Amino acid sequence: MSERLEIHGGQPLDGTVTISGSKNATLPAMAAALALPGGLLLSGVPDLLDVHTMRQLLTSMGTTITAPHNGQLFLQAPDTLNPNAPWELVSRMRASVCVLGPLLSRFRHARVALPGGCNIGHRPIDLHLRGLAALGADISISEGCVSARCSQLIGTTIDLAGPAGPTVTGTCNILIAATLAKGHTVIRNAAREPEVQDLATLLNAAGARISYAGHGTIEIHGVDSLGSATHTVSPDRIEAGTFAVAALLTNGRLTLQHAPTHALTDFLELLQQVGARLTLLPNALIVQRDGPLRPAHAIAQPYPGIPTDLQAQLMALFACTPGESRITDLVFPERFRHAAELIRLGADIHVVGNQARIRGVSRLSGAPLTATDLRASAALVLAGLAASGTTILHRIHHLDRGYQHFDEKLRAVGGQVRRLSESSG
Ligand code: EPZ
């Protein structure tokens, strides 16, 4: 059933938000369970559409998945399963591609639909496939699917640098595959995102031998098999960054419980440039304005830089920041579809190539909007909260893919947000 959000703007948000587990740490962790014969017990798992989709995919292959307690999943893949990820599921969630590495390493064959493009740009997986081939996999593509086979993966040196920097899920795939490859693997220009580090911690708990050599280099000594692991998913740095922007946009004050501030340093430094007052507590972060907002130039780039997954939210903030701000996205240069929707609210934005120039306006005004992708949806909700009048956001399944109970969390801190079915008047 499709739903919409009805947002009444103008209220400062005030209160405490609990940050949920990271979507982008949970999905590769669930895929990694395929390589763990002893099973994986995950805690801190967020309640997200993408998690349900990954659960559906792994179950369709033959993995047993139970939920022993709230926020927990126990996943166990049998010694024989159906190593096939169909287009119906992969097209819904490109992170499905993370099953390639574990299927190859433990089951020695896989058939995964190519993910295709999406609203944030061209999403190739050539680096994934090149890395797996370097480890000894035979890769072929037919009927829109990748077929991969190997007798035994063999360790080697792999460089994962692409035209836009490292690949996050590509690093996850190669990392999992290399844990069971014979010999020593060195991954150069590996993604340094915290979610990848999370995965390495999980795999080492299951008996892998992974070490970080610094400067984006990861070393893996292959083992004969992995065992089992118990792992807690880290809090979601993108959700935390989203709510930090919400506090500034609405001129409110939010305490972000469990916010992983150590994983957001460049982003939080930018927020301080823009006029945020940040108060660090032992396991929380308080965000509020320290005066008028100030324009800035945000450059979205690979970790530890400002995350591309927070650039839409920054655009909503800059739309209400006096002066001219700029956003450049070096990771997904076409990721600006949210600009057109913000302009419907009265924002003054010009996109040229991989850069957006935003001149702040005194007040946005509510209007009907269409969500285009996961993070843009969140940005549009935040803009609606800052706008005068009412904003209706359609196609909010995008939001539910990556934010746990987003509207509930906003209502709990004073956000006037209602979830309605599209069919209701
Ligand atoms: C991950 O996607 C995240 N998703 C994305 O978050 C995030 O935006 C992205 O990393 C960048 O940080 C998950 O972790 C599930 P990439 P991923 O491979 O791994 C190019 C969200 O909203 N590239 O790091 O698919 C690619 O075109 C999502 O939570 C190649 O050229 O992204 C892009 O320009 C959206 N060849 C750049 O690298 C490849 O084989 C980074 O892509 C792979 C990628």
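Not measured: the values here are computed from a predicted model.

## What to know about the nonpolar core
Counting 77 residues, the largest nonpolar core has Leu 42, Met 54, Leu 75, Val 99, Leu 175, Leu 203 and Leu 226 as the members making the most contacts within it. Apart from residues lying up to four places away in sequence, Leu 175 is in contact with Ile 187, Val 196, Leu 199, Ala 200, Leu 203, Ile 210, Ile 218 and Ile 220. Judged by nonpolar contacts, the second largest core, of 71 residues, contains Ile 306, Ala 356, Leu 380 and Leu 399.

## Observations regarding the sheet that holds strand β20 (residues 348–352)
Reading across the sheet, the four strands line up as β18-β19-β21-β20 and stay open at both edges, with mixed pairing between neighbours. Looking along the sheet, the strands with just one partner apiece sit at the ends: β18 (297–300) and β20. Along the sheet, successive strands turn relative to each other by an average axial angle of 15°, direction set aside. As defined by bridge partners, β18 adjoins strand β19 (residues 324–329) across four bridges and the pair is classed as parallel. Looking at β19, one finds that Ile 299 is bridged to Thr 328. Helix-sheet contacts for helix α10 (residues 311–318) involve β18, β19, β20 and β21 (355–359), and the interaxial angle to β19 is about 170°.

## Brief notes about the sheet that holds strand β22 (residues 368–370)
What the four strands build is an open sheet, ordered β22-β23-β1-β24; its pairing is mixed. Of all strands in the sheet, those with a lone pairing partner are β22 and β24 (416–421), marking the two edges. Adjacent strand axes in the sheet meet at a mean angle of 25°, parallel and antiparallel pairs treated alike. Together, β1 (3–8), β22, β23 (390–394) and β24 form the strand contacts of helix α12 (residues 374–386), whose direction differs from that of β1 by roughly 30°.

## Considerations on the site of the ligand
Around the ligand, the structure places 25 residues, and the nearest of them are Asp 126, Thr 167, Thr 169, Asp 309 and Val 331. In this structure, an oxygen atom belonging to the ligand sits 3.5 Å away from a side-chain N or O atom of Arg 335. At 2.8 Å from an oxygen atom of the ligand is found a side-chain nitrogen or oxygen belonging to Arg 375. For the ligand, whose accessible area on its own is 820 Å², the fraction buried by protein is 91%. Listed by contribution, the elements that provide at least two residues to the shell around the ligand are α1 (23–32), α5 (126–134), α6 (168–179) and α12. With three residues, the single largest contributor to the shell around the ligand is α5. Taken together, the residues that form the shell around the ligand break down as 12 nonpolar, six polar and seven charged. Two domains each donate at least three residues to the shell around the ligand, and these are domain 1 (3–20 + 235–421) and domain 2 (23–232).

## Structural notes on the side chain of Arg 335
Relative to the helices and strands, Arg 335 resides in the loop between β19 and α11 (337–344). In terms of polar contacts, Arg 335 uses its side chain to reach the side chain of Asp 309, at 2.8 Å. Aside from chain neighbours lying at most four places away, what touches Arg 335 is Ile 120, Thr 308, Asp 309, Gln 311, Asp 329, Asp 373 and Arg 375.

## Structural notes on the domain arrangement of the protein
When its domains are assigned, the protein resolves into domain 1 (3–20 + 235–421) and domain 2 (23–232). Domain 1 and domain 2 are separated by 30 Å when their C-alpha centres are compared. At the junction of the two partners, domain 1 supplies 26 residues and domain 2 supplies 22 residues. Considering only the surface of domain 1 that becomes buried against domain 2, Tyr 303, Phe 332 and Arg 401 emerge as the three largest contributors, covering 31% of it. Between the two partners, domain 1 and domain 2, sit two salt bridges. A salt bridge links Asp 50 to Arg 401; the shortest N-O distance between them is 2.7 Å. The interface formed by domain 1 and domain 2 includes seven residue pairs in polar contact (both at pLDDT 80 or more). For the side of domain 1 that touches domain 2, the secondary structure elements donating two or more residues are α12 and α13 (397–402).

## Digging into the packing of aromatic side chains
Scanning the entire structure with this criterion turns up two aromatic pairs. Summarising the aromatic geometry, the rings of Phe 243 and Phe 406 are spaced 5.4 Å apart at their centres and angled 55° between planes, so their arrangement reads as tilted. Here Phe 406 lies in helix α14 (residues 406–412) and Phe 243 lies in helix α8 (residues 237–249), a separation of 163 residues in the sequence. Exposure remark for Phe 243: the relative accessible area of 1% places this residue in the buried category. Aromatic side chains Tyr 403 and Phe 406 sit 4.8 Å apart centroid to centroid with 45° between the ring planes, which places their arrangement in the tilted category. Residue classification places Phe 406 among the buried positions, given a relative accessible area of 0%. Put simply, the rings of Phe 243, Tyr 403 and Phe 406 touch in pairs and so form one group of aromatic residues.

## Concerning the side chain of Glu 341
By the element assignment, Glu 341 lies in helix α11. Buried charge without a partner: Glu 341 forms no salt bridge, and the closest opposite charge is Arg 344, 4.3 Å away. If near-sequence neighbours (up to four positions away) are discounted, Glu 341 is found in contact with Leu 369, Thr 370 and Leu 380.

## Notes on the packing of helix α4 (residues 100–107) against α6
Between two packed helices, both the angle of their axes relative to each other and the distance between the axes serve to describe the pair. Look at α4 against α6: their axes get within 7 Å of each other, and the N-to-C directions meet at 15°. As judged from the angle between their axes, α4 and α6 are roughly parallel. The way α4 lies across α6 gives a crossing that is right-handed. Seen from α4, the contacting residues are Leu 100, Gly 101, Pro 102 and Ser 105; seen from α6, they are Asn 173, Ile 176 and Ala 177. Among the residues forming the contact of α4 with α6, the class breakdown is four nonpolar, three polar and no charged.

About the thresholds
Going along each chain's sequence as written, the residues are numbered from 1 onward. Where local features are concerned, this predicted model is filtered to residues with pLDDT of at least 70; where side-chain atom pairs are given and counted, the filter is 80 or more; whole-chain, interface and lining totals use all residues. The basis for every side-chain value is the complete set of heavy atoms in the structure, and neither hydrogens nor water enter the calculation. Definition of nonpolar core: a set of buried residues of the types Ala, Val, Leu, Ile, Met, Phe, Trp, Tyr and Cys, connected through side-chain atoms within 4.5 Å. Exposure classes here rest on a 1.4 Å probe applied to the protein chains alone. A residue is buried below 20% of its type maximum, exposed above 50%, and partly exposed in between. Note on contacts: a residue pair qualifies if any of its non-hydrogen atoms lie within 4.5 Å across the two residues. Here, any two strands with at least 2 DSSP bridges between them count as paired. Only runs of H or I of at least four residues qualify as helices and only runs of E of at least two qualify as strands under DSSP, and these elements are numbered from the N terminus. In this analysis, axes come from line fits to C-alpha atoms, helices being fitted only over the stretch in contact, and the angle between any two N-to-C directions falls in the range 0 to 180 degrees. A molecule or strand has a residue near it when one of that residue's heavy atoms lies within 4 Å. For this analysis, a polar contact is any N or O atom pair within 3.5 Å, provided that within protein one partner can donate a hydrogen and the other can accept it, and provided that sequence-adjacent residues contribute only side-chain to side-chain pairs. Here the Shrake-Rupley method, with its probe set to 1.4 Å, supplies the accessible areas, and only the displayed protein chains count as covering residues. Think of it as three bins: nonpolar holds Ala, Val, Leu, Ile, Met, Phe, Trp, Tyr, Cys and Pro, charged holds Asp, Glu, Lys and Arg, and polar takes everything else, Gly as well. Residue ranges for the domains trace back to a domain assignment, done automatically or taken from a database. Buried area: the accessible surface (1.4 Å probe) lost by two parts on joining, summed over both. When a carboxyl oxygen of Asp or Glu lies within 4 Å of a side-chain nitrogen of Lys or Arg, that pair is called a salt bridge. Two aromatic rings, drawn from Phe, Tyr or Trp (for Trp, its six-membered ring), form a pair once their centres lie within 6.5 Å of each other, and the interplanar angle then sorts them: stacked below 30 degrees, edge-to-face above 60, tilted otherwise. In this tally, Lys and Arg are treated as positive and Asp and Glu as negative; His is ignored, and so are the chain termini. Should an angle fall under 35 degrees it is called roughly parallel, over 145 degrees roughly antiparallel, and 65 to 115 degrees roughly perpendicular, with every other angle called oblique. Left-handed describes a crossing in which the near helix is turned anticlockwise from the far one by less than a right angle; the clockwise case is right-handed.

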